[in-house]
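What the coordinates show
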Amino acid sequence: MKKLFKWLDHIEEGLAGVLFIGGVVVSLYGVFTRYVLNAPESWITEIFEFLLTWSIFIGFGLALKDNRHIQVELLFDVLPKGLKRIVATISNLIGGGFSFYLAYSSIELITLSKEQGIKTIDVGIPIWISYLVLPIGMGLLGFYFFVKAYRAARGDHRELIGEIEQLYESMQNADGKSGEKGVGA
């Protein structure tokens, strides 16, 4: 199972990174052609939006997996551990269910746009290709929500402490390790 997660991590991070860097390169090219050559290209905006949208939607799951989404933990941090398990499990199940609902709903949008043959104006890319990121991104997000729900239900420490507590623990661990090695003494 760990190999599957590691493999999925590499695919997601690599794909999101390549798409994001591609978007930056296309954007810089657009700035160059507009302001230096004074000959703007019409296709740049469409390609940039396509690349950035894909990188963002793929990044949703990565951010959730690494607990990098915005969280309000004020109430969660004061709950007893047993109640934290219940709240974390339920909230992650709701998030996963909603994500999978969005993934499923987006399939109708893809099918409809494919049947209608809608294409982008400047480049002529079929719009359903742009919409493919919806079930992929939301499916990955739902998958990670369910993984987090499973871990919370099992009482995994990482799922039951807030970000502030995690930072505090990592600082304590870093201080303990640096003290053992004699660094800074």
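As shown above, the structure is provided for reference.
As the structure is a prediction and not an experimental result, all values here were calculated from the model.

Rules and cut-offs
- Residues numbered from 1 in each chain as written.
- Predicted model: local features only at pLDDT ≥ 70, side-chain atom pairs only at ≥ 80, totals over all residues.
- Heavy atoms only, no water.
- Phe/Tyr/Trp six-rings, centres within 6.5 Å; stacked < 30°, edge-to-face > 60°.
- Helix = DSSP H or I, 4+ residues; strand = E, 2+ residues; numbered from the N terminus.
- Buried < 20%, exposed > 50% of the residue type's maximum accessible area, 1.4 Å probe, protein only.
- Lys NZ or Arg CZ within 6 Å of the ring centre and 35° of its normal.

**Overview of the packing of aromatic side chains**
A full pass over the atoms with the stated rule returns 6 aromatic pairs. Aromatic side chains Phe50 and Trp54 sit 5.8 Å apart centroid to centroid with 40° between the ring planes, which places their arrangement in the tilted category. A residue pair is termed a helical-turn pair when its members lie 3 or 4 positions apart in one helix, as Phe50 and Trp54 do in helix α2 (residues 44-65) at 4 residues. Ring centres 5.4 Å apart and planes at 15° place the aromatic pair Phe100 and Phe146 in the stacked group. Remark: Phe146 occurs in helix α6 (residues 133-154) and Phe100 occurs in helix α4 (residues 81-116); sequence separation between them is 46 residues. Overall, Phe100 belongs to the partly exposed group, its relative accessible area being 35%. A network of ring pairs unites the aromatic residues Phe5, Phe143 and Tyr144 as a single cluster. Over the ring of Trp128 we find Lys114; its NZ or CZ atom is 4.6 Å from the centre of that ring. The ring of Phe5 carries Arg151 above its face, with NZ or CZ at 5.8 Å from the centroid.

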